[in-house]
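Each chain, written out:
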Amino acid sequence: MSETIPLPLDLRGVTPAAAQQLVLNKAKSLQQGKSFQLLADHDLKGPLQSLAGLGADVAWAYEESGPPTWRVQVSKRAVEMSNCCSGGACCG
C-alpha cells in the first residue's frame, strides 16, 4: 500500500492574521518526525517567525521563494531515544 502524500496548507488569498493562526495550529498539532508544506502567494516571514515560540524542535525551509509562489516545508524533529535508564528524564 502506498503512503498518501498530504496536500500543502494553501494560504493563497488568506489574510496575514489568519495565515499566522493556521500555521501555528498546524505546527502545534504536528507529530514528532513529521512535516507539512505551506503554499502562498506572498512571503511567509510573519507566520514562520511565530513558529520560533514552539521551540527548537520545529524547523522550516523555503523550497520556492516567489514571486509568484512561495513554498515552505515545516517539520518537527523526531524525539531522540536515550540509552539512560530514565530516557533522559533525570539528567538528560
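The model shown is predicted, which means the values in this text are computed figures rather than measured ones.

J.: What's the story with unusual backbone geometry in this structure? I'm lost.
T.: Backbone phi values are negative for most residues with the exception of glycine, while trans is the configuration of most peptide bonds. Backbone torsion omega between Gly-66 and Pro-67 reads 0°, so that peptide bond is classified as cis. When you line up the elements, Pro-67 lands in the loop between strand E3 (58–65) and strand E4 (70–76). Cis geometry marks the peptide bond from Pro-67 to Pro-68, where omega comes out at 10°. Take Pro-68: it is sitting in the loop between E3 and E4.

J.: Whenever I open this one, the pattern of salt bridges confuses me. Can you help?
T.: Working definition: two side chains of opposite charge can pair if their charged atoms are close together. Here the structure, examined in full by the defined rule, presents three salt bridges. A salt bridge links Asp-43 to Lys-45, with the nearest nitrogen and oxygen atoms 4.0 Å apart. Salt-bridge contacts for Glu-64 lead to Arg-71; the nearest nitrogen and oxygen are separated by 3.5 Å.

J.: Sorry if this is basic, but what is going on with the pairing of E3 here?
T.: Across a regular strand the side chains alternate sides, sitting on one face of the sheet and then on the other. Summarising the sheet, E3 and E4 pair through seven bridges and their orientation is antiparallel. Within the sheet, the bridge partner assigned to Val-58 lies in E4 and is Lys-76.

J.: Sorry, what's going on with the packing of aromatic side chains here?
T.: Applying the stated criterion across every chain yields a total of zero aromatic pairs. The ring of Phe-36 has Lys-26 lying over it, and the distance from NZ or CZ to the ring centre is 5.6 Å.

Reading the values: rules and limits
Residues numbered from 1 in each chain as written. Predicted model: local features only at pLDDT ≥ 70, side-chain atom pairs only at ≥ 80, totals over all residues. Heavy atoms only, no water. Helix = DSSP H or I, 4+ residues; strand = E, 2+ residues; numbered from the N terminus. Salt bridge = Lys/Arg side-chain N within 4 Å of Asp/Glu carboxyl O. Pairing = 2+ DSSP bridges. Phe/Tyr/Trp six-rings, centres within 6.5 Å; stacked < 30°, edge-to-face > 60°. Lys NZ or Arg CZ within 6 Å of the ring centre and 35° of its normal.

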